Amino acid sequence: MFEVEHPFQDSAGFFAQLFDLDVAESVLMEVAQEAPADYEGFYAQRPVPPEETAGELLVVSFDGKGVPMIKAEAVKLKAKLGTGEKRQRKKEALVGVCYTVDAKPRSPEALAELLVDPEAARARRRREDTRDDAPSAQQVRRVASLVRTKQAVMECIKADAERRDPQHRKPLVVLLDGALGLWNLATKLFKKWKRVTFVLDIMHVVGYLWAAANALCGEQSKEGTRWVQRKLTEILHGRVGYVIGGLRQILTKRRLRKSVRETLAKVITFFQNHRRWMQYDAYLAAGLPVGTGVVESACGSVVKHRMEGEGKRWSLAGAEAILALRSLKKSHDNDLRDYWRFRARQERARLYARKPKYKSTTRLRRVA
């Protein structure tokens, strides 16, 4: 349990300091790799979170996070390199979350101000003596894996959603960033849910708007900030086509540098490719979440906190084991505590349940 949070060297020092035991790091690595053996069995029997702790909406979300690999693993990641390409040193872990949250309708103007100019939004709330009480995610299940396919991770999260709501009574929200590969998988897996809504992460939209504004107006300019807030408000009102048309007009009517034209073309392409998942006027009116903050937080707490850092390099098996244990620790109210008790019971049963039980006889009793 200590090595789930700390490097193996620190864990070895923990045994030396508290118990005066010399435990090799290799032993700790072996223990870690064996520890998640009952992961699937644990979640198959874990009770569904109580309904009174659940929010109105069921949400699933996915994102990727790189894990630095040891040299022997890194050389397998990309066999052929193009001209000027550097060898890849990280393998992407897919992170998935499933949680519930209460609905909260929001106005496009208020959300645009909050995302583009948070200082102005806070000042306005102070003047109006109001609060922005965004509902918090409840009963979050987190999963991260390097070994499983992306589809397998999504199916694991889908199974968790099905256990929470087998009758599909709650509206399901699928939140993703701009990766079209994940969109293709998610739409296939979740499209049969009775009431499902697919939502593009609003922060990616804001990022592309800022790229366009910086290209047109210069970085950190007040004019660019106003432009982003106006365009974002239009998008949140559901007028994505209007924004795309405006950008096209800029491309055709203005004389622009090549770099600016390329940036605007990328922004237009991104909005066109994801337009079907940008119906923010309907999302905000229904009180749906529009940001992937929960899964991005999981990328940090489950993956980055333990897997990245100076000198940290992982084998595939070692990284997968630690990711499974950290997924347990960061899920619900620390599932790792209950998992460790469950694993102890399972291991006890495997070791001793099938041993023959000898009947006592008179002769044996006399000997005793």
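What comes next is a walk through the structure. All values reported here derive from a predicted model rather than from experimental measurement.

### Describing the pairing of strand β5 (residues 196–200)
A regular strand places its side chains so that they alternate between the two faces of the sheet.
Logical step 1: In this sheet, β5 lies alongside strand β4 (residues 172–176) in parallel orientation, the contact comprising five bridges. Along β5, the bridge assignment pairs L176 with L200.
Logical step 2: Handedness of the crossover joining β4 and β5 through helix α8 (residues 180–190): right-handed.

### A look at empty space enclosed by the protein
Logical step 1: In total, this model carries one cavity of 30 Å³ or more according to the counting rule given.
Logical step 2: Reported here for the largest cavity is a volume of approximately 60 Å³.
Logical step 3: If you go around the largest cavity, the residues you meet are Y43, R46, P47, V48, P49, D160, R163, R164 and H332.
Logical step 4: A total of three residues in the lining of the largest cavity trace back to one element, the largest contributor, which is helix α7 (residues 150–164).
Logical step 5: Residues belonging to the lining of the largest cavity are distributed by class as follows: four nonpolar, one polar and four charged.

### So, the sheet that holds strand β1 (residues 57–68)
Logical step 1: Read across the open sheet, the five strands follow the order β3-β2-β1-β4-β5; overall the sheet is mixed. A strand with exactly one partner marks an edge of an open sheet, and here the two such strands are β3 (138–145) and β5. If you compare each strand with its neighbour and ignore which way they point, the axes differ by 20° on average.
Logical step 2: Alignment of strand β2 (residues 90–101) against β3, held across six bridges, turns out to be antiparallel. Bridge pairing in β3 places V97 opposite R142.
Logical step 3: Contacting β1, β2 and β3, helix α14 (residues 293–307) runs over the sheet at an angle of about 30° to β1.

### What about the pattern of salt bridges?
Logical step 1: Evaluated as defined, the whole model comprises 20 salt bridges.
Logical step 2: Between K329 and E5 there is a salt bridge whose closest N-O contact spans 3.2 Å. Of this pair, K329 sits in helix α15 (residues 316–329) while E5 sits in the segment before α1 (8–19), and the two are 324 residues apart along the sequence.
Logical step 3: For K329, a relative accessible area of 26% gives the class partly exposed.
Logical step 4: Ionic pairing is found between E308 and K65, a salt bridge with its closest N-O pair at 3.9 Å.

### Brief notes about the packing of helix α11 (residues 240–253) against helix α12 (residues 258–274)
Two packed helices can be described by the angle between their axes and the distance between those axes.
Logical step 1: Relative to each other, α11 and α12 sit at 155°, their axes nearing to 10 Å. Overall, the two elements α11 and α12 adopt an arrangement that is roughly antiparallel. When you trace α11 past α12, the crossing you get is left-handed. On α12, the residues touching V243, I244, L247, R248, I250 and L251 of α11 are R261, L264, A265, V267, I268, F271 and Q272.

### Thoughts on the nonpolar core
The nonpolar side chains of a soluble globular protein tend to be buried with one another.
Logical step 1: In terms of nonpolar packing, the biggest core is built from 97 residues, with V205, F271 and Y280 touching the most fellow members.
Logical step 2: Those residues in contact with Y280 that lie beyond four places of it in its chain are V199, L200, D201, I202, V205, I235, L236 and V290.

### Focus: the packing of aromatic side chains
Logical step 1: Summed over the entire model, instances satisfying the criterion amount to 16 aromatic pairs.
Logical step 2: Residues F2 and F14 carry aromatic rings whose centres are separated by 4.4 Å and whose planes lie at 15° to one another, so their mutual orientation is stacked. Of this pair, F2 sits in the segment before α1 while F14 sits in helix α1, placing them twelve residues apart in sequence.
Logical step 3: In textbook terms, an aromatic cluster arises when at least three aromatic residues are bridged by ring pairs, as seen for Y39, F42, Y43, Y339, W340 and F342.
Logical step 4: Above the ring of Y43, the side-chain terminus of R141 is found at 3.5 Å from the ring centroid.
Logical step 5: In this structure, R306 packs its charged tip against the face of F8, placed 5.2 Å from the ring centre.

### Focus: the side chain of R141
Logical step 1: Inspection of the secondary structure puts R141 in strand β3.
Logical step 2: Among the residues examined, R141 registers a relative accessible area of 3% and is labelled buried.

### A word on the layout of surface pockets
Logical step 1: A volume near 500 Å³ is recorded for the largest pocket.
Logical step 2: In terms of lining residues, the largest pocket is bounded by 24 residues, among which R106, A134, P289, V290 and G291 are the most central.
Logical step 3: Counting only elements with at least two residues in the lining of the largest pocket, the list comes to β2, α5 (108–116), α9 (202–217) and α14.
Logical step 4: The element best represented in the lining of the largest pocket is α14, accounting for three residues.
Logical step 5: Here the second largest pocket defines a volume of roughly 270 Å³.
Logical step 6: Around the second largest pocket sit 14 residues that line it, and F8, M29, R306, R313 and W314 are the ones nearest its centre.
Logical step 7: Elements represented by at least two residues in the lining of the second largest pocket include exactly α1, α2 (25–34) and α15.
Logical step 8: Examining the composition of the lining of the second largest pocket, we find that four residues originate from one element, α2, more than from any other.

### So, the pairing of β1
Logical step 1: With ten of its twelve residues buried, β1 lies for the most part within the structure.
Logical step 2: Note that β1 and β2 share twelve bridges and pair antiparallel. In the sheet register, K65 faces β2, and the bridge partner there is A93.

Thresholds, definitions, all that
- Residues numbered from 1 in each chain as written.
- Predicted model: local features only at pLDDT ≥ 70, side-chain atom pairs only at ≥ 80, totals over all residues.
- Heavy atoms only, no water.
- Pairing = 2+ DSSP bridges.
- Helix = DSSP H or I, 4+ residues; strand = E, 2+ residues; numbered from the N terminus.
- Right-handed = clockwise from strand over helix to strand, strands pointing away.
- 1 Å grid on protein atoms, 1.4 Å probe; cavity = no way out; pocket = protein on both sides within 12 Å on 5 of 7 lines; lining within 4 Å.
- Points joined across faces, edges and corners; volume = space filled by probe spheres on them.
- Nonpolar A, V, L, I, M, F, W, Y, C, P; charged D, E, K, R; others polar.
- Axes fitted to C-alpha atoms, helices over the stretch in contact; angles between N-to-C directions.
- Contact = heavy atoms within 4.5 Å.
- Salt bridge = Lys/Arg side-chain N within 4 Å of Asp/Glu carboxyl O.
- Buried < 20%, exposed > 50% of the residue type's maximum accessible area, 1.4 Å probe, protein only.
- Parallel < 35°, antiparallel > 145°, perpendicular 65-115°, else oblique.
- Left-handed = near helix turned anticlockwise from the far one by under 90°.
- Core = buried A, V, L, I, M, F, W, Y, C linked by side-chain atoms within 4.5 Å.
- Phe/Tyr/Trp six-rings, centres within 6.5 Å; stacked < 30°, edge-to-face > 60°.
- Lys NZ or Arg CZ within 6 Å of the ring centre and 35° of its normal.

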